[in-house]
Protein chains: 2
Amino acid sequence: METRIMLPQADLPTQWYNIQADLGRPCPPPLHPVTKQICTPADLAPIFGMELLKQEVSQDRWIDIPEELQDIYRLWRPTPMQRARRLEKLLDTPAKIYFKNESVSPAGSHKPNSAVAQVYYNKQQGIKRLTTETGAGQWGSSLAMACNLFGLECVIYMVKCSYNQKPYRRILMETWQGKVIPSPSPFTASGRKILAENPDHPGTLGVAISEAVEDALSREDTRYTLGSVLNHVILHQTIIGLEAKKQMELAGDYPDVVIGCVGGGSNFSGFAFPFLQDKLTGKQTKTRFVAVEPAACPTMTRGKYTWDYGDTAKSGAPIAKMHTLGHTFVPDAIHAGGLRYHGNSPLLSLILDMGLVEPKAYNQKACFEAAVQFARTECILPAPESSHALRAAVDEALRCKAEGRAETIVFNLSGHGHFDLNAYESYLTGKMEDVPFDDAKLQAALNQCPEVDSNLCGGF
Amino acid sequence: METRIMLPQADLPTQWYNIQADLGRPCPPPLHPVTKQICTPADLAPIFGMELLKQEVSQDRWIDIPEELQDIYRLWRPTPMQRARRLEKLLDTPAKIYFKNESVSPAGSHKPNSAVAQVYYNKQQGIKRLTTETGAGQWGSSLAMACNLFGLECVIYMVKCSYNQKPYRRILMETWQGKVIPSPSPFTASGRKILAENPDHPGTLGVAISEAVEDALSREDTRYTLGSVLNHVILHQTIIGLEAKKQMELAGDYPDVVIGCVGGGSNFSGFAFPFLQDKLTGKQTKTRFVAVEPAACPTMTRGKYTWDYGDTAKSGAPIAKMHTLGHTFVPDAIHAGGLRYHGNSPLLSLILDMGLVEPKAYNQKACFEAAVQFARTECILPAPESSHALRAAVDEALRCKAEGRAETIVFNLSGHGHFDLNAYESYLTGKMEDVPFDDAKLQAALNQCPEVDSNLCGGF
C-alpha cells in the first residue's frame, strides 16, 4: 500500500508560478511609510535585493529557477506527499486526507525554499551580508542555513525573550554560522533608544524588524530579508504546490479542499496558488481553499482590508494594503509564534477580498488536540503553526463523515515541532489556555491604521 | 544533478537478512546469569517475546517482514541514500561519499526499525505491555511510538539524571503515550533498594535495565525489549543495508568502504551485514567494513572478547560472549549517550573476531568537528552518535585524497541531533573536553568478568 507519493528528483519543478499573471486584478503596491506615496525602486533598493524587487512586481506567469538553486533544493526536495491513512481510520471518515510534508527540510520547515533563493539573488548582486529578524527562529535558522551555503554573512536580530527561552533554535543558527543578536541591542540607534528607556526590555518582533532594517540601510554591502508576506517570498514557495500538483496526479486524485495555515501567508499561498491557477483558468472548479489562522491573531477573520504599516515601529517597512489588525496590535503569546503577525500578505489579502479563499480561525487547544491525534496516528509531530492547517483538515474530514462524502482533502504540513515540545507538554498536562479575544484591543489598534490619500496610492 | 537516491515504496525490502546463515561459525549462545549454563527458551520466554527468541537463534538466511509491518515502515521508508557532494568539495577529495539517511524517521533515528517489529510480534503473542530502559531517549521514544501504533502500553525506565536534563525526549515519549518513570523508582524492588541507600541517586543505565526486566518478570502480560545488542534487533535493522544495496545499484556504484557507529552494534550491523554478505559469498571482495566507537567507551579497540554480564546489576540479562570493558565499567559522560554500553553485540563481536570488520575509536571533539563540517555543507545536523561514523568517513575521504584514489565511501547517518543541541553549543563555544582514557579503570572492570566453565557454555 503506497503511503508516501515520492516525486523523482528529475521532476523537481524548474519554474516558480506567479499568480499575478492569472488574477485579473493588480496587487496594490507598497507605499513609502513617510510620504505615503507608491514606493519607487530607489526607495526599496537599499533594503531588498534588486532581482527580488523585480520578482515582486513581475507579471510573468512563470519564472525560471536557476540551476544552482535547483541543486540546493534537491538536498531535501521534492518533499513527500503523504496519505494520512491512520488518521482517516481514527476519524472514521470516508474522506481521503493527504499532506505535503515540508518538515523534512534541514531547518524543519518550508522556510528554506525562499531563504536559499533570497540569498542566491543577493549574492549574484554582490551583496556580502544579510540581516533579518526572528521570533521563534524558523525563518532565522533557514536564512542562516542558506547564507552558510552561499558564504554570505548572516545577522539575525532575535527577540530577546525568545533568545533566552529558546536556546536550541539559537544554537542551530550558530551551527550554520549565523550571528544571533538579542534584540533590542546596543548595535543600532533604535535598539539603543529602547534600552535607554528600559535596559530589561524583552523585545518584540516589531523592534527586531526595525533593528534589522536599520542595520541593512547602514551598510552598502548589506540587505534585509523577509521570510513571508512579500510577493517574491510567495513566488519561491510555489514550489510546494507545484510539486503537490504533480504528486496528486501520480496518485490519480485531485483535491476538493486545499488547506494551509497563515501567518504572513507564504506557506499557504505557496501551497495553494498552483491549485488556485486551475480554478482561475477554469480547469477545475470544484476546489475550495481554506486559509487557517490563530483566533488570537485573526487578521483574515477579524481584521480590516486596509492600508497599514508593515512593522510596529513604522521605521522602515512600507505601508501595504492588507488584512490587518493594526500595526500596534500585540497578539497574546500563543505557542504558534510564526502566526503572530498583525498583517498579512497583500497578495493573499487581495485574493481573500476576491472571495477565492475561505478564512478560518482556531484557538490553540483545538489545534494541539489535532496535533496530538496526528502524532499518535501518523507519528510525525507537527509544528504549532502547522497544527492549525491540520485542525481544519480534521474538521473537513469530520464534515465529510457527517455528509457521507468521500472528498479529497490536502493540507500543508509546513514544519515539525521538535523545538516546540514545551508547547506539547503544556497541552498534555492540561496547562494550555485559550485566552478570550479582546475586541477593545483590536478596535484601538485598528484606529492606528494610517490615512492614505487615494490619489497618491494609485487608486487602490 | 541527482543528490538523493530514492527507492520507490514498491521496492521496500520484504525480507530481513540473517547473516548467521552465511557466517560459517555459530554465534555463542547466551548464558544464564546465575547458573552460567546455556539459556533455555524457558529461561528467556518470561523476558522476551517468543517469535523474537526464535529469530534470535534462527539460521534461516531470509525472514519475511509481515505485511502489516511493511505498511508501517512505509510511513518513513525507504529512507534516502544521499550523495554528500558539498562535503566532498569541502574536503577536496576524489572519493565519493554517500550516506544512508536514517534520521528521517519520526523518532529521528534508525531505532524504530526494530521497535515496530518487536511490538508487532509481542502483540501477536497477546502481550499487552512492554518495558524498556532509556538513557538519552532514542530507543525509549522509538518504542513509545511503536507501542502507540499497535495499542500496547509502554513503560520506560529513564535514567533519572537524563529524565531531569532532557525534558524534550521525555515529552516526545509522553506524546506517544509512553509512561516514563525516572529510575531508580519506588515501583521495583531493585529501585527501592537503591533509593533506600541514596534517595538522590542519579540513576544509571544498568539500574534502569534491572528495573525494566524486574517489571516485565512481575507480570504475565508484560515483556521486556532491548534496542540493540541482540541478534533479532540486528535482523530488523538489516532493512537499512538491504535498501542501501538497491540504492547503490541505482546509482551504478558499489562501496569500497562501509562505515557505521557502534554502541550495542545494531545500526552498524543492520547497515553493513547485507554488504558483508557479498564478501562472505565471494560476490565482492574489495569492500572494507569500519565500525566506529567512542574512545571513552572502546569495547572493540580496547575491550576483551570474553564472557560478561549484559547489565551492571547482573540481575536479569544473560551473560554473553562479546567485546566488553567489563560490566562494572562506567564510561565518561560523553554526549553520544547511545554509544555508552560496556559490551557489544555477540554477533558483531564474533564477526570482529573473524577479522571481517575493522574497529576504530574517536574522541568526541574530532567527531563534532566533522558534524559541524557536515551541518555546514549538507545542512543536516548529525546526532552525536552518528558523527562517529561521519568522522571515519571524512578520514577515509582524506586518505583517498592523499592516495589519489576515487573510492566510494558509504556511511550510516543513524540519526539527527535536534535534541542534542546543547552538545553542539558545548563544541562551538570551546567547552567540550576529551577526557584521557583511564587504563586502570578498564583493568579493574575487566577483572570483574565472570569465570565460565567451557563445558557448560557449549565450548565457545
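Rules behind the numbers
- All residue numbers refer to positions counted from 1 along the written sequence of the respective chain.
- Each chain gets a letter, beginning with A, and each ligand a number, beginning with 1, in the order they are written.
- The predicted nature of this model means local features are confined to residues of pLDDT at least 70 and side-chain atom pairs, given and counted, to a pLDDT of 80 or more, with totals for whole chains, interfaces and linings taken over all residues.
- As a convention, hydrogens and water are excluded, and side-chain values are obtained from all of the structure's heavy atoms.
- Helix numbering and strand numbering both begin at the N terminus, where a helix is a DSSP run of H or I of at least 4 residues and a strand a DSSP run of E of at least 2.
- Our radius of gyration looks at C-alpha atoms and nothing else; its globule reference is 2.2 Å times the residue count to the power 0.38.
- When accessible area is computed with a 1.4 Å probe and restricted to protein chains, residues below 20% of their type maximum are described as buried, those above 50% as exposed, and intermediate ones as partly exposed.
- Note on definitions: a residue-residue contact is assigned when non-hydrogen atoms from the two residues lie within 4.5 Å.
- Computed by Shrake-Rupley with a 1.4 Å probe, the accessible areas treat only the displayed protein chains as cover when residues are assessed.
- Within this scheme the basic residues Lys and Arg register as positive and the acidic residues Asp and Glu register as negative, but His and the chain ends are omitted.
- In plain terms, the charge of a residue is placed at NZ if it is Lys, CZ if Arg, CG if Asp and CD if Glu.
- Residues reaching a pLDDT of at least 70 in both copies supply the C-alpha atoms on which the copies are superposed by least squares.
- By convention here, the domain bounds are inherited from an automatic or database domain assignment.
- Summed over both partners, the accessible surface that disappears when two parts come together, traced with a 1.4 Å probe, is what is meant by buried area.
- Throughout this description, the term salt bridge denotes a Lys or Arg side-chain nitrogen within 4 Å of a carboxyl oxygen of Asp or Glu.
- Any pair of nitrogen or oxygen atoms within 3.5 Å is treated as a polar contact; in protein, a donor-acceptor pairing is required on top of that, and neighbouring residues in sequence qualify only through side-chain atoms on both sides.
- For every element, the axis is a line fit to its C-alpha atoms; helices are fit only across the contacting stretch, and the angle between N-to-C directions ranges from 0 to 180 degrees.
- Orientation categories follow fixed angle ranges, with anything under 35 degrees roughly parallel, anything over 145 roughly antiparallel, 65 to 115 roughly perpendicular, and all other angles oblique.
- With the far helix as reference, a near helix turned anticlockwise by less than a right angle produces a left-handed crossing, and one turned clockwise produces a right-handed crossing.
- Residue type decides the class: Asp, Glu, Lys and Arg count as charged, Ala, Val, Leu, Ile, Met, Phe, Trp, Tyr, Cys and Pro as nonpolar, and the leftover types, Gly among them, as polar.

Another point: the overall build of chain A. Across its full length, chain A carries 18 helices and 15 strands. The C-alpha radius of gyration of chain A comes to 21 Å, within 12% of the 23 Å expected for a compact globule of 460 residues. The principal-axis extent of the C-alpha atoms belonging to chain A is close to 60 × 50 × 45 Å. A burial count over chain A gives 65% of its 460 residues as buried. Here the contacts in chain A between residues at least 6 apart in sequence split such that 77% fall between residues at least 24 apart. On chain A, roughly 15700 Å² of surface is accessible, and the fraction owed to carbon and sulfur atoms is 49%. In chain A, which carries 46 positive and 50 negative side-chain charges, the distance between the mean positions of the two groups comes to 3 Å.

The relation between the two copies of this chain is a rotation about an axis and a shift parallel to it. Superposition of chain A onto chain B requires a rotation of 180° combined with a translation of 0.0 Å along the rotation axis, giving an RMSD of 0.0 Å. As the rotation angle and translation indicate, the two copies are arranged about a two-fold axis. Interface overlap between copies is the fraction of interface residues in one copy that are interface residues in the other; for chain A against chain B it reaches 100%, indicating a shared surface.

Here we come to the domain arrangement of chain A. When the parts of a complex come together, some accessible area is lost, and that lost area is often used as the size of the interface. All names here are of chain A. Structurally, chain A comprises domain 1 (4-9 + 77-108 + 238-447) and domain 2 (15-65 + 111-224). Computed from C-alpha atoms alone, the centre-to-centre distance between domain 1 and domain 2 is 23 Å. A buried area of about 3200 Å², summed over both sides, lies between domain 1 and domain 2, and 68% of it is on carbon and sulfur atoms. Its largest share of buried area at the contact with domain 2, domain 1 owes to Ala107, Ile319 and Phe419, together 18% of the area lost on that side. Here domain 1 is connected to domain 2 by one salt bridge. We note a salt bridge from Arg25 to Asp353, for which the minimum N-O separation is 3.1 Å. Here domain 1 is connected to domain 2 by six residue pairs in polar contact (both at pLDDT 80 or more). Within the residue set of the side of domain 1 that touches domain 2, elements represented by two or more residues are helix H12 (231-250), helix H13 (266-280), strand S12 (304-309), strand S13 (319-324) and helix H14 (346-353). Ranked by residues supplied to the side of domain 1 that touches domain 2, first place goes to H13 with six residues.

Residue and element names in this part refer to chain B. The geometry of helix H7 (residues 138-150) relative to helix H9 (residues 167-175) is characterised by a closest axis approach of 8 Å and an angle of 15° between their N-to-C directions. One way to sum up the angle between H7 and H9 is to call them roughly parallel. Note that H7 runs across H9; the crossing there is left-handed. Note on element contacts: H9 touches H7 through Arg169, Leu172 and Met173, opposite Gln138, Gly140, Ser141 and Ala144. The residue makeup of the contact of H7 with H9, split by class, is three nonpolar, three polar and one charged.

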